[in-house]
Amino acid sequence: MFQRLAVLLRQPAAAPLLPALVRSLSSGCVNIAAPLNFWGGKRRTSKERSKGENVYEPATGRVLCMLEPCGPSDVDQAVEAAKSAYGHWSRMSGMERARVMIEAAHIIENRREEIAKMEVVNNGKSITEARLDVDSARLSLEYYAGLASSLAGQHVQLPGRSFAYTRREPLGVCVGIGAWNYPFQIAAWKSAPALACGNSMVFKPSPVTPVTAVLLAEIYAEAGAPEGLFNVVQGGQETGSLLCRHPDVAKVSFTGSVPTGQKIMEMASKGVKPVTLELGGKSPLLVFEDSDLENAVRGALMANFLSQGQVCSNGTRVFVQSDILPEFVEEVVKRTQAIEIGDPLLESTRMGPLVSRTHLDKVLTFVDQAKEEGAVVLCGGEPFVPSDPKLKGGYYMTPCVLANCRDDMTCVREEIFGPVMSVLSFDTEQEVLQRANDTALGLAAGVFTSDVKRAHRVVEHLKAGSCFINNYNITPVEVPFGGFKMSGIGRENGQVTIEYYSQLKTVYVEMGDVDSLF
Ligand code: NAD
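A brief look at the structure comes next. (Residues numbered from 1 in each chain as written. Predicted model: local features only at pLDDT ≥ 70, side-chain atom pairs only at ≥ 80, totals over all residues. Heavy atoms only, no water.)

1. Quick look at the side chain of Thr 209
Secondary-structure assignment places Thr 209 in the loop between β10 (200-204) and α6 (213-222). Judged by relative accessible area, which is 1%, Thr 209 ranks as buried. Sequence-distant contacts of Thr 209, defined by excluding residues within four places in its chain, comprise Asn 122, Asn 123, Ala 179, Trp 180, Pro 183 and Val 355. (Helix = DSSP H or I, 4+ residues; strand = E, 2+ residues; numbered from the N terminus. Buried < 20%, exposed > 50% of the residue type's maximum accessible area, 1.4 Å probe, protein only. Contact = heavy atoms within 4.5 Å.)

If you want it as structure tokens, here you go:
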């Protein structure tokens, strides 16, 4: 997600140049080389010959490439490669692993522009945001490389000079399954802590955005990772299920929707495998009358319109204290209408297309339903056709602000996952806390106020895993991120994630005689 603000693409050396899109736009060409699977140290074609699916470029609606989903034999090979790499990697010292990860981070830095452009072409987010995602991926590798050498257990003294010690050991082959909104970043956020702990990984990106995960696989390989350490298999639900059910897989880390998360948990339960689930949200943002209005408005825009609103932690229920509601709304609408929509590769663009035609239609249907239920559209919520004729097949819409919202409306209860902000008014702190927590989800929450006591009191009562005071959607890799309630299990980022990719072994050491009862 969001770290603070701060050509021509290279073709992967080992990759065969198969049919792929070459898009000429404002910022040069993008060449997507296939195949997009990678295991055992190189790109692979699926052996299954299953029916392929088109992958689209959201900015133009053109077909980017064809995705061939991996089947059982591909998944077996990828897991086998990961098993083999695990044997070697898990025996290396933390320092040795860190060296490879730091080298991979350097390569990411050098290829920043190329990766960011690929992400834009496949996902549709603006180039400005895509660069920040690549930076966040690099920082994740650097951060966990830094922790790799200090993973350690405990020594516990026991009676009679006996003692016990604990070892923090890796789990084995971990599976990562990603959503389409942060394709490269999710692959890095999952693989960095996994690899730092000594695990290997098989990663499956979303079939909607398959293009950049394979770049990460090439980068790890180029950095000196053993063959099979980080593998990529492409496909959708079926390929994902094969991975989750695979007997040689020790853990599944998933980012995606709640219904899929529930299925993954069920599949993992058969093998009593641990899961990390980063799921959806319908997060509240509370704006009190004593807020710095300028910052509250900026926060509300960041909470709703990053990545075309396709962010799990977005604060889409914006509760504003009634005294400041008119001026807050006026300013939010003014700035929302000024958001530059268009070619996501242009530096000036702040909002690109949504990820797919289907998703755009779904978001627009939510807006229609909101109107039917009595919400008032203050701006946006319409399909948008950019003036550049190359973009006329793209999946654009105008960012939307809804007023007169009630807590029981569909737009306030369900995750829309698009650029739609619902504004609600409130009078008292107690009332807004009760309403903010009235949801089965609990990914994030935010509060704007200049009363420091109120800020901490409110945050203490908010039932959400990631809370923001006087800002929103900032996700430094050093800080744990994850949800309460149905928004997930476990955390990504921060030191605590080491616990989700390792297990403790306790070793008891007897220094005396066995005191037997028999
Ligand atoms: P999705 O659940 O449809 O798909 C996510 C991934 O799961 C894809 O790779 C998909 O192919 C795979 N999958 C689908 N069915 C599967 C199955 N039965 N077994 C194994 N894998 C399966 O989600 P999406 O539409 O890609 O992403 C949007 C959702 O993700 C939103 O709800 C959003 O809130 C959530 N999300 C959460 C976070 C977070 O960190 N909490 C981050 C990004 C997105």
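More follows now that the structure is in view.
2. Looking at the site of the ligand
Near the ligand you find 29 residues, and of these Gly 178, Ser 257, Thr 260, Leu 279 and Glu 415 are the closest. The separation between an oxygen atom of the ligand and a polar main-chain atom of Gly 178 is 2.7 Å. Between the ligand and the protein, one listed contact pairs an oxygen atom with a side-chain N or O atom of Trp 180 at 2.9 Å. Contact with the protein chains removes 89% of the 850 Å² of surface that the ligand exposes when unbound. The biggest single contributor to the shell around the ligand is helix α8 (residues 258-270), with four residues. (Near = heavy atom within 4 Å. Polar contact = N/O pair within 3.5 Å; in protein donor to acceptor, adjacent residues only side chain to side chain. Areas by Shrake-Rupley, 256 points an atom, 1.4 Å probe, with all protein chains shown as cover.)

3. Details of the sheet that holds strand β14 (residues 284-287)
Across the sheet, which stays open at both edges, the seven strands sit in the order β16-β19-β20-β15-β14-β22-β23 with mixed pairing between neighbours. Both edges of this open sheet fall to β16 (376-379) and β23 (466-469), since each of them pairs with a single strand only. Averaged over all neighbouring strand pairs, the angle between strand axes comes to 25°, with direction disregarded. Two elements, strand β22 (residues 444-448) and β23, share four bridges in a ladder whose sense is parallel. What sits directly across from Gly 446, in β23, is Phe 468. (Pairing = 2+ DSSP bridges. Axes fitted to C-alpha atoms, helices over the stretch in contact; angles between N-to-C directions.)

4. Observations regarding the environment of Ile 186
Within the secondary structure, Ile 186 sits in helix α5 (residues 183-196). When the C-alpha positions of Ile 186 and Val 367 are compared, they lie 29 Å apart, and in sequence the two are 181 residues distant. Setting aside chain neighbours within four positions, we find Ile 186 in contact with Gly 178, Ala 179, Asn 181, Phe 203 and Thr 255.

5. A closer look at the packing of helix α2 (residues 94-110) against α6
Taken N-terminus to C-terminus, the directions of α2 and α6 make an angle of 130°; their axes are 8 Å apart at the nearest point. Taken as axis vectors, α2 and α6 run oblique relative to one another. The hand of the α2/α6 crossing is right-handed. From α2, Val 100, Ala 104, Ile 107 and Ile 108 reach across to α6, where they touch Leu 216, Ile 219, Tyr 220 and Glu 222. When its residues are assigned to classes, the contact of α2 with α6 shows seven nonpolar, no polar and one charged. (Parallel < 35°, antiparallel > 145°, perpendicular 65-115°, else oblique. Left-handed = near helix turned anticlockwise from the far one by under 90°. Nonpolar A, V, L, I, M, F, W, Y, C, P; charged D, E, K, R; others polar.)

6. A few points about helix α3 (residues 112-123)
For α3, spanning 12 residues, the distance from its first C-alpha to its last is 16 Å, which sits close to the expected 16 Å at 1.5 Å a residue. Buried residues dominate α3, accounting for 10 of its 12 residues. One or two residues past the end of α3 sits Gly 124, with phi positive at roughly 100°. (Expected span 1.5 Å × (residues − 1).)

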